[in-house]
Amino acid sequence: MTRRVPCPPAPGPLEAYAARFDDLFSTLAQRRGFREYLMGLLLPRDRNKTLTCLAGTEPIAGAQHASVQRLQFFLSESTWDHEQVNARRVALLLAGSATTPHSGGVLVIDDSGDRKDGKATAHIGRQWLVP
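What this report covers is the structure whose coordinates are included nearby. (Residues numbered from 1 in each chain as written. Predicted model: local features only at pLDDT ≥ 70, side-chain atom pairs only at ≥ 80, totals over all residues. Heavy atoms only, no water.)

Okay, the packing of aromatic side chains next. The tally for this structure, following the rule as stated, stands at 6 aromatic pairs. Judged by centre distance (5.0 Å) and plane angle (45°), the ring pair of Phe21 and Phe34 falls under tilted. Here Phe34 lies in helix H2 (residues 28-42) and Phe21 lies in the loop between helix H1 (14-19) and H2, a separation of 13 residues in the sequence. Summarising the aromatic geometry, the rings of Phe74 and Trp80 are spaced 4.8 Å apart at their centres and angled 15° between planes, so their arrangement reads as stacked. By the burial criterion, Phe74 is buried, and Trp80 matches it. Clustering of aromatic rings is evident, with ring pairs tying together Tyr17, Phe21, Phe25, Phe34, Phe74 and Trp80. (Phe/Tyr/Trp six-rings, centres within 6.5 Å; stacked < 30°, edge-to-face > 60°. Helix = DSSP H or I, 4+ residues; strand = E, 2+ residues; numbered from the N terminus. Buried < 20%, exposed > 50% of the residue type's maximum accessible area, 1.4 Å probe, protein only.)

By the definition in use, this model includes 3 salt bridges. A salt bridge links Arg35 to Glu15, with the nearest nitrogen and oxygen atoms 2.8 Å apart. Here Glu15 lies in helix H1 and Arg35 lies in helix H2, a separation of 20 residues in the sequence. Each member of the pair Arg35 and Glu15 is classed as buried. The closest approach of N and O atoms between Asp23 and Arg88, which form a salt bridge, is 2.8 Å. Placement of Asp23 in the loop between H1 and H2 and of Arg88 in helix H5 (residues 82-95) is noted, with a sequence separation of 65 residues between them. What makes Asp23 exposed here is its relative accessible area of 54%. (Salt bridge = Lys/Arg side-chain N within 4 Å of Asp/Glu carboxyl O.)

On to the nonpolar core, then. The tendency in soluble globular proteins is for nonpolar side chains to be buried side by side. Counting residues in hydrophobic clusters, the biggest one holds 13 residues, and the most contacted among them are Phe21, Phe25, Phe34, Leu38, Phe74, Trp80 and Val85. Of all elements in the fold, only H1, H2 and helix H4 (66-76) reach the threshold of two or more residues within this core. Every residue in contact with Val85, bar those within four places of it in the chain, is listed here: Phe21, Leu24, Phe25, Phe34 and Trp80. (Core = buried A, V, L, I, M, F, W, Y, C linked by side-chain atoms within 4.5 Å. Contact = heavy atoms within 4.5 Å.)

Spelled out as structure tokens, the structure:
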């Protein structure tokens, strides 16, 4: 059996989190892609829902940049199982004392990044985003 090539680490405490998913990815490129995707999600950027912004390049012209193409391949063509990654993410949240549901309430994560306001939508109350 060949030795697994180590992945370049993600910055700061993100590496400890990303490393908990390494066994779900079969290649170095997948482990690297996962770290780049996480960094793109967490960095403060305008239009954080676009692939070019996640990869840190300008819109339109940046879509052909190598980092954008690698991220696009990781998200759409690579053979990792998104359901396993999501299950691991939820398990990690449930295992943490600060993020597990308890009798006093639950932590709700709105990963859309959209600010919510108004009262026009049924069953929606005011929400606050903490920067």
